[in-house]
Amino acid sequence: MTKLMVLAFCILVLLNIIACVPSSSAAPLLGNNNVTKVESYMLQNGLGQTPPMGWNSWNHFGCDINESLIRDTADAMVSTGLAALGYKYINLDDCWAELNRDSQGNMIPKASTFPSGIKALAHYIHKKGLKLGIYSDAGNQTCSKRMPGSLGHEIQDAKTFASWGVDYLKYDNCHNNGISVRERYPPMSEALLKSGRPIFFSVCEWGKEDPATWAKSVGNSWRTTGDIKDNWHRMTSIIDVNDKWASYAGPGGWNDPDMLEVGNGGMTTEEYRSHFSIWALAKAPLLVGCNIQAMDNITYELISNSEVIAVNQDKLGVQGKKVKSNNDLEVWAGPLTNNKVAVILWNRSSSNATVTASWLDIGLKSETIVDARDLWEHSTKSLVLGKISVELDSHACKMYVLTPKRS
């Protein structure tokens with residue numbers, strides 16, 4: 001082979017590689033996102049066709065968990081009707097295991113808090129029609145330092161989780177010896193695929209190495225941000241970070257701005273309404289983080305809104321995004337199936353204000369006439385033309401689904 005032929009071959013290979021790397025640039029406003037370009041690189045376990053819904057123990061209970069709490073939470077998920085709305089995962093976070101592995105190197109449940117074992121707990125939860133999630137870490141220890149991590153034990157731990165009947169793994173990023181996440185997360189992904197059980201894989205590396213650009217072949221969701229906190233500033237700041245990666249989400253793989261704080265007491269009702277609305281539009285996992293056994297009526301009404309949940313679970317799977325911002329007056333929008341459009345008008349300012357979305361802002365033709373369904377008032381305004389506008393209290397939002405009638 002001549003030098004010229006070798007050079008030509010190398011150039012061709014390089015061009016093919018470049019063609020396969022997804023761009024980090026933003027997708028068109030409300031058109032098809034990059035998901036269709038990278039479907040072949042999605043994790044092939046068949047899970048996460050819509051964002052996961054459920055509950056996680058960390059935000060409210062931290063390390064103060066036990067099997068009675070988890071069983072009672074599963075009972076409440078069913079009795080309140082939340083399970084019927086799609087909240088299926090009951091997820092243990094950190095602190096469920098003993099600090100030391102057994103003599104065979106296996107992780108073992110903490111005897112003082114999970115004396116019946118995780119397998120028995122999974123059986124109880126499965127009988128309720130729910131799924132069990134568990135937690136580990138891609139390092140030597142978990143973030144609490146109360147459990148061993150799975151670094152170097154990926155195959156063993158994946159088999160253990162599968163044998164217990166686990167359906168979901170949140171995989172954290174503490175005590176990682178400075179090893180790149182791109183080296184530490186794929187081994188667990190591969191181990192789960194070979195475990196003999198379909199297990200949703202939640203990559204929790206806090207957005208350190210832009211996981212949206214690579215984790216779709218590794219996990220079913222990937223944290224794009226650091227941890228959420230139960231306050232307005234933190235909630236809004238992390239959804240802004242998450243928004244940067246909107247074009248990378250889609251069926252089988254979702255951007256994750258962390259769990260819901262609704263009901264934990266650190267924000268107002270309107271702030272929590274905004275929190276839940278934006279998470280739903282952004283196709284984020286809807287993992288409730290409060291004590292659902294003791295939640296008040298307002299919290300229940302917020303997290304049980306079936307119309308808002310339907311936006312999150314829409315089969316098209318396109319993440320809604322911020323399309324207009326002016327002095328903290330914002331419009332967020334995204335396409336839904338059947339040519340519908342979900343829209344949020346959001347007043348992030350410190351005073352009352354009017355927020356307006358024109359059809360051009362959200363990807364509709366200016367002459368389009370729509371029916372505008374208010375998802376929080378459960379009312380419909382028919383034959384709306386050109387724009388939708390509303391006066392909002394500080395930190396409040398309105399959420400609509402627009403159904404075009406003709407254009």
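Scoring rules and cut-offs
Residues numbered from 1 in each chain as written. Predicted model: local features only at pLDDT ≥ 70, side-chain atom pairs only at ≥ 80, totals over all residues. Heavy atoms only, no water. Axes fitted to C-alpha atoms, helices over the stretch in contact; angles between N-to-C directions. Helix = DSSP H or I, 4+ residues; strand = E, 2+ residues; numbered from the N terminus. Parallel < 35°, antiparallel > 145°, perpendicular 65-115°, else oblique. Left-handed = near helix turned anticlockwise from the far one by under 90°. Contact = heavy atoms within 4.5 Å. Nonpolar A, V, L, I, M, F, W, Y, C, P; charged D, E, K, R; others polar. Polar contact = N/O pair within 3.5 Å; in protein donor to acceptor, adjacent residues only side chain to side chain. Salt bridge = Lys/Arg side-chain N within 4 Å of Asp/Glu carboxyl O. Buried < 20%, exposed > 50% of the residue type's maximum accessible area, 1.4 Å probe, protein only. Disulfide = S-S within 2.5 Å.

### A look at the packing of helix α8 (residues 232-243) against helix α9 (residues 269-281)
Between two packed helices, what matters for the description is the angle formed by their axes and the separation of those axes. Where α8 contacts α9, the axes come no closer than 11 Å and their chain directions differ by 15 degrees. Compared by their axis directions, α8 and α9 come out roughly parallel. Seen from above, α8 lies across α9 with left-handed handedness. Here W232, M235, I238 and I239 of α8 lie close against α9, whose contacting residues are E271, S274, H275, I278 and W279. Per-class residue counts for the contact of α8 with α9 are six nonpolar, two polar and one charged.

### Considering the environment of T236
Looking at the secondary structure, you find T236 in helix α8. Through-space distance from the C-alpha of T236 to that of I278 is 9.4 Å; in sequence the pair is 42 residues apart. Not counting residues within four places of it along the chain, the set of residues in contact with T236 comprises W346 and R348. A distance of 3.1 Å separates a polar atom in the side chain of T236 from the backbone oxygen of H233.

### Thoughts on the packing of helix α6 (residues 154-164) against helix α7 (residues 181-193)
Axis separation between α6 and α7 bottoms out at 8 Å; the angle between their running directions is 40 degrees. With respect to their mutual orientation, α6 and α7 come out oblique. Relative to α7, the crossing made by α6 is right-handed. Along the contact surface, α6 presents E154, I155, D157 and A158, while α7 presents R184, P187, M188, A191 and L192. Among the residues making up the contact of α6 with α7, the classes are represented as six nonpolar, no polar and three charged.

### Things to note about the pattern of salt bridges
Here the structure, examined in full by the defined rule, presents 17 salt bridges. We note a salt bridge from D240 to K322, for which the minimum N-O separation is 3.0 Å. Separated by 82 residues along the polypeptide, D240 in helix α8 and K322 in strand β9 (residues 321-326) bring together distant segments of the chain. Residue classification places K322 among the partly exposed residues on the basis of a relative accessible area of 24%. As a salt-bridge pair, K405 and D371 come within 3.4 Å of each other at their nearest N and O atoms. Of this pair, K405 sits in strand β16 (residues 397-406) while D371 sits in strand β13 (residues 369-374), and the two are 34 residues apart along the sequence. D371 sits in the buried class, given a relative accessible area of 16%. One network of salt bridges, with partners in common, ties together D240, K322, E330 and R348.

### So, unusual backbone geometry
At H175, a residue that is not glycine, the phi angle is positive and equals roughly 50 degrees. Of note, H175 is situated in the loop between β4 (168-172) and α7. If you check the backbone angles, N339 has positive phi at about 65 degrees while not being a glycine. Residue class for N339 comes out exposed when judged on its relative accessible area of 65%.

### Re the state of the cysteines
Across all of its chains, the model carries two disulfides by this definition. The disulfide partner of C63 is C95, and the S-S distance across this bridge is 1.8 Å. Of this pair, C63 sits in the loop between α3 (58-61) and α4 (67-79) while C95 is found in the loop between β2 (89-91) and α5 (118-127), placing the two residues 32 residues apart along the sequence. Sequence-ordered numbering of the bonded cysteines in the protein gives a disulfide pattern of 1-2, 3-4. The structure places no disulfide on C204, whose sulfur is separated from the nearest cysteine sulfur, that of C143, by 7.2 Å.

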